[in-house]
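These are the residues of each chain, in order.
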Amino acid sequence: MTIKELFKSNIPRSILIIALYVLYAFSGSFSQYFLKYALNGITAGKLNTYIYWQVIQAILEVVTALLLPIATVVFTRQTQDYLHQIRQDIMHHYYGEGDAKLTDMQNELTENLKLLTTNYAATWVTILSGVLEITIAIALLISMNWILIVTTAILAVITLSLPKIMEKKTSVAMDKVNQEHSKLLNAIEHWLGGLQELRRYTAYGRLARQMQKASGDYVKANKQNYKYQAISEIINGFGNALSQIGMSVVAGVLFLMHIISFGDFAVASGFAFTIFSGIWNITNSLTKVKSTKALREQTAELR
């Protein structure tokens with residue numbers, strides 16, 4: 001599975017997906033930006049100006065709310081069609097091989113593709129949305145003050161460097177989950193396939209021990225995987241929170257020094273949340289994408 005293949009599987013639909021997410025990012029960002037004019041209007045005592053920009057904001061927010069589910073449905077269809085193509089390729093591979101284990105086929109066609117859908121395909125939507133929202137937010141910040149851009153750049157570099165701390169461990173943990181799940185399926189096939197013999201020799205205790213060991217190893221691998229993902233998210237979240245606070249402090253100082261307006265201060269603080277939340281989502285998504293490297297290589301060998 002690759003993002004290139006995913007979008008090439010239906011190019012017209014891929015263009016539509018990108019267009020929908022671009023519109024979603026623009027409507028959401030400008031809805032937030034126009035708050036500046038509403039706040040400046042109300043602080044200046046201009047009620048009509050405030051009401052006008054609030055109406056514009058409301059319209060854009062409705063458009064934003066409608067675009068997201070539409071884009072999500074279209075992307076889901078694209079993903080499911082692509083997965084169907086992968087399943088056909090894998091089935092063709094196993095058909096030609098002839099001696100493949102049923103448990104291996106089940107693992108590849110169900111669990112592995114499920115992991116790739118959740119931790120690879122779906123995460124690229126988060127990355128696309130984040131990149132668009134960050135780009136637009138930065139472009140709008142430029143119109144306010146250059147100091148805000150410099151501050152954003154410095155904090156962004158620091159935040160983007162944090163995922164490397166847990167990158168290797170999350171990848172190893174994800175691969176371990178896949179291996180233990182395959183072993184569990186093999187154990188089920190091996191021991192339950194000879195269930196009649198086990199009954200004849202009343203060897204239920206041995207069956208229970210073997211199944212408990214196989215399922216226990218799988219559970220242990222899952223716990224380890226979730227543990228490393230949680231640690232990664234904590235580190236990224238800590239960096240995100242500090243970056244938002246730092247950005248808000250800088251914007252507050254600029255407002256107190258009468259360099260930017262109150263509307264600019266409020267919008268800059270809002271964009272700080274957009275930018276660094278976007279970076280946090282992107283870094284978490286990239287960590288998940290990289291954790292599927294071994295699994296994607298394994299799936300590619302079957303096509």
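Model, not experiment: these values are computed from the prediction.

Structural notes on the pattern of salt bridges
The final tally for this structure, using the stated rule, is 2 salt bridges. With a shortest N-O distance of 2.8 Å, arginine 13 and aspartate 81 are connected by a salt bridge. You can see arginine 13 sitting in helix α2 (residues 11–33) and its partner aspartate 81 sitting in helix α4 (residues 47–97), a full 68 residues away along the chain. For aspartate 81, a relative accessible area of 43% corresponds to the partly exposed category. The closest approach of N and O atoms between aspartate 264 and lysine 36, which form a salt bridge, is 3.2 Å. Pair noted here: aspartate 264 is in helix α10 (residues 262–291) and lysine 36 is in helix α3 (residues 35–43), with a separation of 228 residues, a long-range link. Per residue, the accessibility class of aspartate 264 equals that of lysine 36, and both read buried.

Here we look at the packing of aromatic side chains
With the rule as written, the count across this model stands at 13 aromatic pairs. Ring geometry for phenylalanine 34 against tyrosine 37: centres 6.3 Å apart, planes inclined by 45 degrees, an arrangement best described as tilted. Accessibility expressed as a relative area gives 17% for phenylalanine 34, which makes it buried. On the accessibility criterion, tyrosine 37 (31% relative accessible area) is partly exposed. Their ring planes at 45 degrees and their centres at 6.2 Å tell us that phenylalanine 262 and phenylalanine 265 sit as a pair that is tilted. Remark: phenylalanine 265 and phenylalanine 262 occur in helix α10; sequence separation between them is 3 residues, near one turn of the helix.

Cut-offs and rules
- Residues numbered from 1 in each chain as written.
- Predicted model: local features only at pLDDT ≥ 70, side-chain atom pairs only at ≥ 80, totals over all residues.
- Heavy atoms only, no water.
- Salt bridge = Lys/Arg side-chain N within 4 Å of Asp/Glu carboxyl O.
- Helix = DSSP H or I, 4+ residues; strand = E, 2+ residues; numbered from the N terminus.
- Buried < 20%, exposed > 50% of the residue type's maximum accessible area, 1.4 Å probe, protein only.
- Phe/Tyr/Trp six-rings, centres within 6.5 Å; stacked < 30°, edge-to-face > 60°.

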